[in-house]
There are 2 protein chains.
Amino acid sequence: MSLTRRVFLQRVAQIGGYSAAFSAMHALGLTPASGASPLPELAADFGKGKKVVILGAGIAGLTSALELMKAGFECTILEARDRPGGRSWSVRDGSTVEFIDGTKQACSWSDGGYLNAGPARIPSIHTHLLDYCQKLGVPLEVEVNFSRSALMQSPKINGGKPVLERQVVHDTRGYIAELLSKAVNKHALDEDLTAAEQAQMLEFLAGFGDLDDGKYTGTSRAGYVSNRGAGPHKSTLNKPLALKELLAADFSKGEFYEEQIDWQATMFQPVGGMDRIPYGFAKALPEGMIQYSSPVTEIKTASNGVTVAYTQGGATKTVSGDFCICTMPIPVLAKTKNNFSAATQAAFSGMPMTALYKVAWESPRFWETENRIYGGISFLKDAVDLVWYPSAKMFAPTGVLVAGFNSEREDVGGLGMGGTNTFKPTAFGALPTMEAKFAASRQAVETLHPGKGQLLTKPIYIQWSNIPYSIGCFANNHLKSSDPAYAQLEAAEGRTYFAGDHLSHLVGWQEGAVLSAHHAIERIAAGMKG
Amino acid sequence: MSLTRRVFLQRVAQIGGYSAAFSAMHALGLTPASGASPLPELAADFGKGKKVVILGAGIAGLTSALELMKAGFECTILEARDRPGGRSWSVRDGSTVEFIDGTKQACSWSDGGYLNAGPARIPSIHTHLLDYCQKLGVPLEVEVNFSRSALMQSPKINGGKPVLERQVVHDTRGYIAELLSKAVNKHALDEDLTAAEQAQMLEFLAGFGDLDDGKYTGTSRAGYVSNRGAGPHKSTLNKPLALKELLAADFSKGEFYEEQIDWQATMFQPVGGMDRIPYGFAKALPEGMIQYSSPVTEIKTASNGVTVAYTQGGATKTVSGDFCICTMPIPVLAKTKNNFSAATQAAFSGMPMTALYKVAWESPRFWETENRIYGGISFLKDAVDLVWYPSAKMFAPTGVLVAGFNSEREDVGGLGMGGTNTFKPTAFGALPTMEAKFAASRQAVETLHPGKGQLLTKPIYIQWSNIPYSIGCFANNHLKSSDPAYAQLEAAEGRTYFAGDHLSHLVGWQEGAVLSAHHAIERIAAGMKG
């Protein structure tokens, strides 16, 4: 970049902030094409005179509106809820959580604490969503997805008492390195590695496992029983956990969690809650473009346009458009009157909805003051199998602790969440009442942090299959059996195009919703050009 | 915690901020004893009438003053520089870097960019330093110590083109898991693992390496050539790197870096620069307690007190005290007139000073906009072997890029920095001029980020062995040969007690300086009581 450009950008940043500087950099061609978006470049008057009705003000609907508006289309968004974002929803002081079954929970957390009820993390590789955050001026902060000071617990290790994640990770590495070194030295791998490679491998393993003459005898990486001090105050290493116990305990969920592609460092979260993103989109759209509290009652699609009926303030209204982008969840569509083909109607039930849940509490931050856990996740082998510490407002007096985030059914295979492809209830899902679920959640904290379960107050339970206008968390398109429905919904129904994270290969992620909106626009534009 | 206490703390936090709430929690006994500090509990009048002269306003000196003041001692700190902090020093717009050899560099970076010339990270386990940050109201933010989107480069892999850290880490894991599975299946480890353990191990390895029927054939953890998209846009995985090349490239420094005990997540940095900590201490001390620009010229210690001579504004002055805590670096002490024993004088040369350096530049954040690297470190095999991306002000237009942080001599064995215990110059240290060093630094960025080397401007070079009043980075007490000097300096010289990170088992870390200050107070108090 020439000095002139740099000075120019600095001035833009001084005057207009980072967001303006970002736009300027983009205009100068200094930001790259961000991976795989199919969003076509459209002239500002490309959609002039064309109306698009967008169903749903979640990330897919909001992205669609923002991009279509830039290309000259006239947009209306119908949103059933009284807020934008759909599952990109932050529950905080003043929020009410209402279930389909009528259960109501009021939230009154302190210190600005919040729960991201749906998506809660943005990995660095979700470039399109990150770019929208910059364009919309949504401040981000680092989300700490793992802490080596977090805990792992199983009845099969250390007499059931929690151990540090750094012990599990590094003792395991030590044993793996020792065993593989032994196998190399026994010439068990002579067919796989040349003599030179064997020497290189032994050298690497000595570092990988912090071995002492080929043996694993403990490592400072696993931490100390007594810490390093000053003067004569020397440290004592944690005694290695027994390999036998590590194998029996099977901490693989916790050990592999941080390395799933979408959970790798560096990760972000919007400062103040994930809903800062949809509110950022909503602010960038003209007043009135989003019609809130307007649930759709009927979709009539045709080869030349679409008419959608909805209710608003007790009245039934209709809106027509040249195109429709429909981002409504498929179980909601399955219950909404429409004139789609039988194949499409069948597809609405062709991808099972996951039954994810979260339980969160307000609590003093004992995990920070006593355990020195700042962010990250502890894992245990119980009905509630993880406790997730807040990355927001570290060092504040209280925080929102997520004690329980998983599925209520064993239907999350392929998502790295440790489930299988059956639809049986999980141990948590089988608990009969909300009280029993809160008790299990509190117990998980007590098991990891003895004496601290009693400090938890003001629980909030998010049961996604019981949330109106969602009726489940996301459509599980990872299953082979979901392929026909996925393929069917890729086809337009007249002038209606389906979009949403469930119609992307990033289901359950906002990035998938963004890309599916871009793909819908790609198809609309191709149809208009063609 | 009872509701009453919680409400009380919330009110304290509302009125006085987190710092006040922290003090209140401490008073309520809600924070734990923080590990291994030897700081004694002393009554507020314990030191009444006693004067302590503290030499050096680095972290050890500042901690000493704060704690002694609380116990009723009267303190004076003599500081050679015109600022507090010593090596806890942030270089930013307006700073001048002056070398012993007369070289001067003026810094004029934009956007609030800074370089932490000395310590730049605070791990969660450095609990005493973290607690001082809370007590002093120094805001912290997460320091991102690794990013899976960072790069690794060696001429021996991928034709010399950089590869992603996530490829190196996960392809390596895949091959290790495959090889160890093979060895288990060949019964090479039957003496080490029972049949049941072998089955558990194979299951674990399948997850650890993301194996496909015992073979490593690639993993989504290593990322994509083409990313997951919407609709029909499927992804393609990165092709696994060849094991042969991974072994030849030897990325062990980069692969093991993040898991050294002091570099494990979660890590922090003060918002705005590490020097926010010493300035926080200085603000908490009475005006005038720190005498700046007052280099010590002579220390006379005796069995009943200490007299220290120093220069200030051209004049020579003296100050006397009942005790002295001397935190001056040992090479400075070796050149300062004193009446210490011959053994102590010899000890001042008994621990070699490390010759660490840093080179930093202002640059537009191409690593964020193009590589999606947010914080973390890239590694290469060159004179400059790492490039460290800023965790501060991510998404800002420009940032301060550290291209080079290591030793100029091969004398950092045992510090996890990849050196040995010889004192030969490293490839970087052997470069003849500052210009050659800047060129090597720029070249490292160019090698990792082709075309971007030219974007770097306004370099700053910190050569610790050339910094007045430091004369080296830290005394390397990790060496066996340093043990006698370490032991000697543990003994008081009359009423003079030596302190500093070099007299702790956390040398080079601020936590070590804090603990050594606590240890000095422990010894002074024990002497007074005894």
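Quick notes on the rules
Residues numbered from 1 in each chain as written. Chains lettered and ligands numbered in written order. Predicted model: local features only at pLDDT ≥ 70, side-chain atom pairs only at ≥ 80, totals over all residues. Heavy atoms only, no water. UniProt positions renumbered as here; feature names shortened; annotations may be inferred. Phe/Tyr/Trp six-rings, centres within 6.5 Å; stacked < 30°, edge-to-face > 60°. Helix = DSSP H or I, 4+ residues; strand = E, 2+ residues; numbered from the N terminus. Buried < 20%, exposed > 50% of the residue type's maximum accessible area, 1.4 Å probe, protein only. Salt bridge = Lys/Arg side-chain N within 4 Å of Asp/Glu carboxyl O. Expected span 1.5 Å × (residues − 1). Contact = heavy atoms within 4.5 Å. Buried area = accessible area lost by both parts, 1.4 Å probe. Polar contact = N/O pair within 3.5 Å; in protein donor to acceptor, adjacent residues only side chain to side chain.

Per an unreviewed UniProt entry, the recorded name for chain A is Tryptophan 2-monooxygenase, and the organism is Granulicella aggregans. In its Sequence similarities (unreviewed entry) section, the UniProt entry covering chain A states "Belongs to the tryptophan 2-monooxygenase family." According to UniProt, the comment filed for chain A under the heading Catalytic activity (unreviewed entry) is "L-tryptophan + O2 = indole-3-acetamide + CO2 + H2O".

Caption draft 1: Representation of the packing of aromatic side chains within the structure. Applying the stated criterion across every chain, the model contains 47 aromatic pairs over all chains. Ring centres 5.3 Å apart and planes at 50° place the aromatic pair Phe204(A) and Phe256(B) in the tilted group. Placement of Phe204(A) in helix 5 (residues 195-208) and of Phe256(B) in helix 7 (residues 252-257) is noted, with the two residues assigned to different chains. Exposure remark for Phe256(B): the relative accessible area of 8% places this residue in the buried category.

Caption draft 2: Local environment of the pattern of salt bridges. Applying the stated rule across the entire model yields 36 salt bridges over all chains. Between Asp275(A) and Arg92(A) there is a salt bridge, with its nearest N and O atoms 2.9 Å apart. Linking Asp275(A) in the loop between strand 13 (267-270) and helix 8 (276-284) with Arg92(A) in strand 3 (residues 90-92), this pair joins segments that are 183 residues apart in sequence. Three or more residues are tied together by salt bridges with common partners; here these are Arg148(A), Glu165(A), Glu258(A) and Glu259(B).

Caption draft 3: The arrangement of helix 2 (residues 59-70) of chain A in detail. Residue and element names in this part refer to chain A. Between its first and last C-alpha, helix 2 extends 17 Å over 12 residues, near the 16 Å set by a 1.5 Å rise per residue. For helix 2, the buried fraction is high: 10 of the 12 residues fall into the buried class. Listing the buried residues of helix 2 in full gives Ile59, Ala60, Gly61, Leu62, Thr63, Ser64, Ala65, Leu66, Glu67 and Leu68. Gly72 sits one or two residues past helix 2 and shows a positive phi near 90°.

Caption draft 4: Main features of the interface of chain B and chain A. On the chain A side, the residues contacting the 102 residues of chain B number 101 residues. Both faces considered, chain B and chain A share a buried interface measuring about 9200 Å² in area, 64% of it formed by carbon and sulfur atoms. In terms of surface lost to chain A, no three residues of chain B exceed Arg228(B), Arg372(B) and Phe395(B), which account for 8% of the buried area on that side. There are 10 salt bridges connecting chain B and chain A. The salt bridge involving Glu259(B) is made with Arg148(A); its shortest N-O contact spans 2.7 Å. One can count 30 residue pairs in polar contact (both at pLDDT 80 or more) joining chain B with chain A. Broken down by element, the residue count for the side of chain B that touches chain A peaks at nine residues, all from helix 4 (residues 165-185) of chain B.

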